[in-house]
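# Structural description and commentary
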Amino acid sequence: MTTVSIGQLKLESGQLLREVELAYERVGDSSAPAILVCHALTGDQYAVGTADQPGWWAGLIGPGKAVDTGQFQAITFNVLGGCNGSTGPLSINPETGEPYRASFPELTIRDMVRAERKALEALGINHLAAVIGGSLGGMKTLEWAKLYPEFLDTAIALAVTPYYGDYGVAFNHIGIQAIENDPEFQSGNYHPETRLKGFEIARMAGMVTYRSSQLFNGRFGRSRCGEEFEVQSYLDYQGRKLAGRFDPNSYLILLKAMNTHDVEEAELAAELLSISYSHDLLYPGELMIPWVENQPNAKWEKIETDFGHDGFLVEFEKWAHHVQAQLQKTVNAKSHVLA
Ligand SMILES: CC(=O)SCCNC(=O)CCNC(=O)[C@H](O)C(C)(C)COP(=O)(O)OP(=O)(O)OC[C@H]1O[C@@H](n2cnc3c(N)ncnc32)[C@H](O)[C@@H]1OP(=O)(O)O
Ligand SMILES: N[C@@H](CCO)C(=O)O
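Rules of the game
- Residues numbered from 1 in each chain as written.
- Chains lettered and ligands numbered in written order.
- Predicted model: local features only at pLDDT ≥ 70, side-chain atom pairs only at ≥ 80, totals over all residues.
- Heavy atoms only, no water.
- Near = heavy atom within 4 Å.
- Polar contact = N/O pair within 3.5 Å; in protein donor to acceptor, adjacent residues only side chain to side chain.
- Areas by Shrake-Rupley, 256 points an atom, 1.4 Å probe, with all protein chains shown as cover.
- 1 Å grid on protein atoms, 1.4 Å probe; cavity = no way out; pocket = protein on both sides within 12 Å on 5 of 7 lines; lining within 4 Å.
- Sits in = over half its atoms within 2 Å of the grid points.
- Pairing = 2+ DSSP bridges.
- Helix = DSSP H or I, 4+ residues; strand = E, 2+ residues; numbered from the N terminus.
- Nonpolar A, V, L, I, M, F, W, Y, C, P; charged D, E, K, R; others polar.
- Domains from an automatic or database assignment.
- Axes fitted to C-alpha atoms, helices over the stretch in contact; angles between N-to-C directions.
- Contact = heavy atoms within 4.5 Å.
- Buried < 20%, exposed > 50% of the residue type's maximum accessible area, 1.4 Å probe, protein only.
- Buried area = accessible area lost by both parts, 1.4 Å probe.
- Salt bridge = Lys/Arg side-chain N within 4 Å of Asp/Glu carboxyl O.

## Focus: the site of ligand 2
Lining the immediate surroundings of ligand 2 are A40, L41, T42, S135, R203, Y210, H309, D310, F312 and L313. At 2.7 Å, a side-chain N or O of T42 approaches an oxygen atom of ligand 2. Contact with the protein chains hides 93% of the accessible area of ligand 2, taken as 250 Å² for the molecule alone. At a threshold of 2 Å from the grid points, most atoms of ligand 2 map onto the largest pocket.

Below is the structure:
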């Protein structure tokens, strides 16, 4: 695992986080223009991955792909507060010598972005051709464009809205309650080997919002395996799978950060491409359109998909060309200025 140290970080809450590290993946020529890639809630830094283990955006990023690593370098951090190598609840608190666990401070999306800016500078990257991300990664992308317009040429924000709507907050509430009321949760000091049923249930509730009724009805068609419906077995599986790969304290930190995301009042100086996906229950296009219309340099596209919110993780043939065109537009504008 590759990590970069950024020293201490003062959080929006006023708390100081010491000895902060971010884990990252860096792909492409390190002298090429840099694109920062931001992962979603349960994602990680392996956007591209390897031939044996392709990352979650291997279909989008690579040689000759929409984010062409022959032209750009792509860097992805595991989010601050995450559980894949970046400082988060599983990390050792330098003040106690013990893992933070439930004592890890609450974060905001802005804290995550400020950590990444410091990390980029520690890596010698002082400008970005683009920031791109979906969902929680889209929230970070918008926050990047708001905080540091001079640091980036364009922002590409997918499956996101300027603030997290009440429907999203509502489902986060269900997830948080399911985890915190699991008797084994122990106020966040659960045994490290314990798989919390409440966490599995939180993921099931989440999965229902990441897809659509069209997708579930079309895929499962009321078919059964024994006594139960296939869709029940599918959700049980998805719950177990996440509980096996993700830390519940980290999940809580990230859900709470999503709830407070809000850039509605911001006017973005940076160029913005925003893409919404049909049937996205959490980040509906209707919340994005009026905001984008009031931004001076923003463009909005809508993609039809039965995947709903998770549309930004699949069916690249439907939307990657918009990303590619936005990057090319930025490159052309820049070479025009330099000429
Ligand atoms: C940006 C980010 O960081 S994403 C965050 C986390 N990243 C990831 O999860 C990787 C990204 N991948 C995904 O999100 C999804 O896999 C997608 C969107 C790419 C593809 O979605 P889908 O094709 O619907 O696959 P989905 O993951 O929902 O389900 C397939 C799994 O369910 C299992 N499954 C399917 N039907 C059933 C059933 N009836 N009973 C039990 N299990 C079932 C499959 O065996 C498969 O298992 P596997 O994941 O171990 O191979
Ligand atoms: N599939 C995504 C959904 C949230 O954007 C995840 O698990 O992170």
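## Focus on the pairing of strand β1 (residues 3-10)
Successive residues of a regular strand alternate their side chains across the two faces of the sheet. Across six bridges, β1 lies against strand β2 (residues 16-27) in antiparallel orientation. Residue pairing for β2: T3 is matched across the bridge by A23. The antiparallel pairing of β1 with β2 creates a hairpin that spans five residues between the two strands, and G14 there sits at a positive phi of about 100°.

## With respect to the site of ligand 1
Neighbouring ligand 1 are 18 residues, the closest being E230, S233, Y234, Y237 and K241. Measuring from an oxygen atom of ligand 1, one finds a side-chain N or O atom of R211 at 2.7 Å. Protein chains bury 64% of the 1,000 Å² of accessible surface belonging to ligand 1 in isolation. When residues of the shell around ligand 1 are assigned to their parent elements, the largest contribution, six residues, is made by helix α6 (residues 230-243). Of the residues in the shell around ligand 1, the class split is eight nonpolar, five polar and five charged. Mapped onto the domain boundaries, the shell around ligand 1 takes at least three residues apiece from domain 1 (2-165 + 261-338) and domain 2 (167-258).

## Quick word on the sheet that holds β1
In spatial order, the strands read β1-β2-β6-β3-β9-β10-β13-β14; together these eight strands make up an open sheet with mixed pairing. Of all strands in the sheet, those bounded by a partner on one side alone are β1 and β14 (298-303). With direction set aside, neighbouring strand axes in the sheet form an average angle of 20°. Bridge count for strand β10 (residues 152-158) against strand β13 (residues 271-277) is five bridges, and the pairing is parallel. Bridge pairing in β13 links T154 to E271. Of the strands in this sheet, β1, β2, β3 (34-38), β6 (73-77) and β9 (128-134) are in contact with helix α1 (residues 109-122), which crosses β1 at around 130°.

## Structural notes on the environment of A58
Summarising the element assignment, A58 is placed in the loop between β3 and β4 (61-62). On the basis of relative accessible area, A58 is assigned to the buried category, the value being 16%. In sequence terms A58 and L80 are 22 residues apart; their C-alpha atoms lie 22 Å from each other. If we ignore the near neighbours within four places in the chain, the residues touching A58 are A47, V48 and K65.

## Let's talk about the domain arrangement of the protein chain
You can read the domains of the protein chain as domain 1 (2-165 + 261-338) and domain 2 (167-258). For domain 1 and domain 2, the distance between their C-alpha centroids amounts to 24 Å. With 33 residues of domain 1 at the interface, the matching set in domain 2 holds 32 residues. Three residues stand out in domain 1 for area buried against domain 2, namely L41, T42 and R101, and they jointly supply 24% of the buried area on that side. Summed over the shared surface of domain 1 and domain 2, the result is one salt bridge. Note that R211 and D310 form a salt bridge whose closest N and O atoms lie 2.9 Å from each other. Our enumeration of links across domain 1 and domain 2 arrives at twelve residue pairs in polar contact (both at pLDDT 80 or more). Broken down by secondary-structure element, the contributors of at least two residues to the side of domain 1 that touches domain 2 are α1 and α2 (136-147).

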